[in-house]
Amino acid sequence: MTPVRTVLAMRTREGCAERFEAEWLSAAEQIRQLDGCLRQDLVRDADDPRSYLIISDWADRERLDAFGRSEHRDRLLRVVRDLRESAERHTYQVLHSMPSAPEETR
């Protein structure tokens, strides 16, 4: 099994950023409990407060794809989809991860 990372670039509709963040947090709380979900991050562009990346790590492509095809996903993310004006997703195989060095070795 090869871990995968999805990166979803989204831009919210005008005036919807705060609600988008709250709705994402609500959905992410449930998604994190699913088999195969390893991590999720929501990051906002420092120069454009309406642009976000949703980054999620999954144990393998099979479990990510199963979630992607599920009615559960559609229900959880319906509101989030309504708050965005654009979205583009890419999936990557995670080949290597390098944690930072311990504080005492820097």
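Use the structure listed above.
Residues numbered from 1 in each chain as written. Predicted model: local features only at pLDDT ≥ 70, side-chain atom pairs only at ≥ 80, totals over all residues. Heavy atoms only, no water.

This part covers the pairing of strand S1 (residues 4-12). Where S1 meets strand S3 (residues 51-58), eight bridges bridge the pair, whose relative direction is antiparallel. Its bridge partner being in S3, Thr6 is matched across the sheet by Ser56. (Pairing = 2+ DSSP bridges. Helix = DSSP H or I, 4+ residues; strand = E, 2+ residues; numbered from the N terminus.)

Before going further, it helps to examine the nonpolar core. Counting residues in each nonpolar core, the largest one holds 20 residues, and the members touching the most others are Met10, Phe20, Ile31, Ile54, Trp58 and Leu77. Elements represented by at least two residues in this core include exactly S1, helix H1 (17-31), S3, helix H2 (61-68) and helix H3 (71-82). Apart from the residues lying within four places of it in its own chain, the contact partners of Ile31 are Cys37, Gln40, Trp58, Phe67, Leu76 and Leu77. (Core = buried A, V, L, I, M, F, W, Y, C linked by side-chain atoms within 4.5 Å. Buried < 20%, exposed > 50% of the residue type's maximum accessible area, 1.4 Å probe, protein only. Contact = heavy atoms within 4.5 Å.)

We now examine H1. Think of an α-helix as turning once every 3.6 residues; residues three or four places apart then point the same way. Over its 15 residues, H1 runs 20 Å from end to end, which matches the ideal 21 Å to within 8%, given 1.5 Å per residue. Listed in full, the buried residues belonging to H1 are Ala17, Phe20, Trp24, Ala27, Ala28 and Ile31. Projected down its long axis, H1 shows its buried positions confined to an angular sector of 105 degrees, all on one face. Residues of H1 that are exposed and point over 90 degrees away from its buried face: Glu18 and Leu25. The inward-facing, buried residues of H1 contact S1, strand S2 (37-44), S3, H2 and H3. (Expected span 1.5 Å × (residues − 1). Arc of directions from axis to C-beta.)

Across its 12 residues, H3 extends 17 Å between first and last C-alpha, which sits within 8% of the 16 Å expected from 1.5 Å per residue. Along H3, the residues classified as buried are Leu76, Leu77 and Val80. Down the axis of H3, the smallest arc covering the buried residues is 70 degrees, so these residues share one side. More than 90 degrees from the buried face of H3, the exposed residues found are Glu71, Arg75 and Asp82. Considering only its buried residues, H3 is in contact with S1, H1 and strand S4 (84-93).

Put simply, the largest pocket is a space of about 330 Å³. In terms of lining residues, the largest pocket is bounded by 18 residues, among which Leu8, Ile54, Phe67, Arg73 and Leu77 are the most central. The biggest single contributor to the lining of the largest pocket is H3, with four residues. Tallied by class, residues from the lining of the largest pocket come to 10 nonpolar, four polar and four charged. (1 Å grid on protein atoms, 1.4 Å probe; cavity = no way out; pocket = protein on both sides within 12 Å on 5 of 7 lines; lining within 4 Å. Points joined across faces, edges and corners; volume = space filled by probe spheres on them. Nonpolar A, V, L, I, M, F, W, Y, C, P; charged D, E, K, R; others polar.)

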